[in-house]
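# Survey of secondary and tertiary structure
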Amino acid sequence: MTVNVLGISGSPHRHGNTETLLDSFLEGAKAGGASVEKVVLKDLTYSSCRGCNACHKNGVCIVKDDAIALFDKILNADCIAVASPIYTMGITAELKGLIDRGQYLWARKFILKTLYFTDDHIRRHKGLFVSTAGQNWDHVFDGAFPAITAIFNGTGFEYYDNIIANNMDEYKGIKNHPTALADAFAKGKKVVGVLMAMEPAGP
């Protein structure tokens, strides 16, 4: 089977610590035999959720922009790696704006009851959070986890793992971290192996 892995870079800083860590994960996934794609949010054009609740009536977002096309890609992936550096103890505005735009999927699941992910579907779809932070605090990523959990739950992915590295200020960048890039590569290769080893889904 072909495993499709989608990386989403939520950093406004191109080729910085977090995107570099994401790239290492995607390289590992490719080495494991997956088809990989990376989307950079700063290169897309989309607005934040209007809170109009129009999607509660029919499950369709009335704002037609790049966010909807990206959610289509997410729903067609087997594995997604959502990446964001920690800005002010949370994810970036770019990524939070995208996650909020998934409200139309929430409406389909919980109001209209037209979208449902089985336990088997979720087991076969893996989500990983990729992040870096300047501070060395153990809790520096805690503010990001709820939003990441929300996008995985809303799109039918198991929250499979974190690929996170703090203390970037002291290391002077991810490339000077002794293990982070190698660990990300290994996790990319591993998750693809896990998905490939699964028995084919039933009818």
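Remember, predicted model here, so these are calculated numbers, not experimental data. (Residues numbered from 1 in each chain as written. Predicted model: local features only at pLDDT ≥ 70, side-chain atom pairs only at ≥ 80, totals over all residues. Heavy atoms only, no water.)

We now examine the state of the cysteines. With the rule as written, the count across this model stands at zero disulfides. Just so you know, cysteine 55 is unpaired, no disulfide at all, and the nearest cysteine sulfur is the one on cysteine 52, 6.5 Å from it. The cysteine cysteine 61 is free of any disulfide, with cysteine 55 supplying the nearest cysteine sulfur at 6.6 Å. Residue cysteine 61 is classed as buried on the basis of its relative accessible area of 13%. (Disulfide = S-S within 2.5 Å. Buried < 20%, exposed > 50% of the residue type's maximum accessible area, 1.4 Å probe, protein only.)

A few words now on the nonpolar core. Residues Leu6, Ile74, Ile80, Ile91 and Leu95 are the most contacted members of the largest nonpolar core, which totals 35 residues. For this core, the secondary-structure elements that each account for two or more residues are strand E1 (4-9), helix H3 (66-75), strand E3 (79-83), helix H4 (93-100), helix H5 (103-110) and helix H7 (145-155). It is H3 that provides the largest number of residues to this core, a total of five residues. Residues Cys79, Ile163, Ala165 and Met198 belong to the second largest nonpolar core, which totals 23 residues. (Core = buried A, V, L, I, M, F, W, Y, C linked by side-chain atoms within 4.5 Å. Helix = DSSP H or I, 4+ residues; strand = E, 2+ residues; numbered from the N terminus.)

Turning our attention to the side chain of aspartate 78. One can find aspartate 78 in the loop between H3 and E3. This buried residue, aspartate 78, is left without a salt bridge; arginine 124 holds the nearest opposite charge, at 8.6 Å. Within the structure, aspartate 78 has its side chain in polar contact with the backbone nitrogen of asparagine 4 (distance 2.7 Å). Contacts of aspartate 78, omitting those with residues within four sequence positions, involve Thr2, Val3, Asn4, Arg124, His125, Lys126, Phe157 and Leu195. (Lys, Arg positive; Asp, Glu negative; His and termini not counted. Salt bridge = Lys/Arg side-chain N within 4 Å of Asp/Glu carboxyl O. Polar contact = N/O pair within 3.5 Å; in protein donor to acceptor, adjacent residues only side chain to side chain. Contact = heavy atoms within 4.5 Å.)

Enumeration over the complete set of coordinates arrives at one cavity of 30 Å³ or more. Of the volumes computed, that of the largest cavity is approximately 130 Å³. Along the wall of the largest cavity there are 14 residues; nearest its centre are Cys49, Arg50, Cys52, Cys55 and Cys61. Its residues assigned to classes, the lining of the largest cavity shows nine nonpolar, three polar and two charged. (1 Å grid on protein atoms, 1.4 Å probe; cavity = no way out; pocket = protein on both sides within 12 Å on 5 of 7 lines; lining within 4 Å. Points joined across faces, edges and corners; volume = space filled by probe spheres on them. Nonpolar A, V, L, I, M, F, W, Y, C, P; charged D, E, K, R; others polar.)

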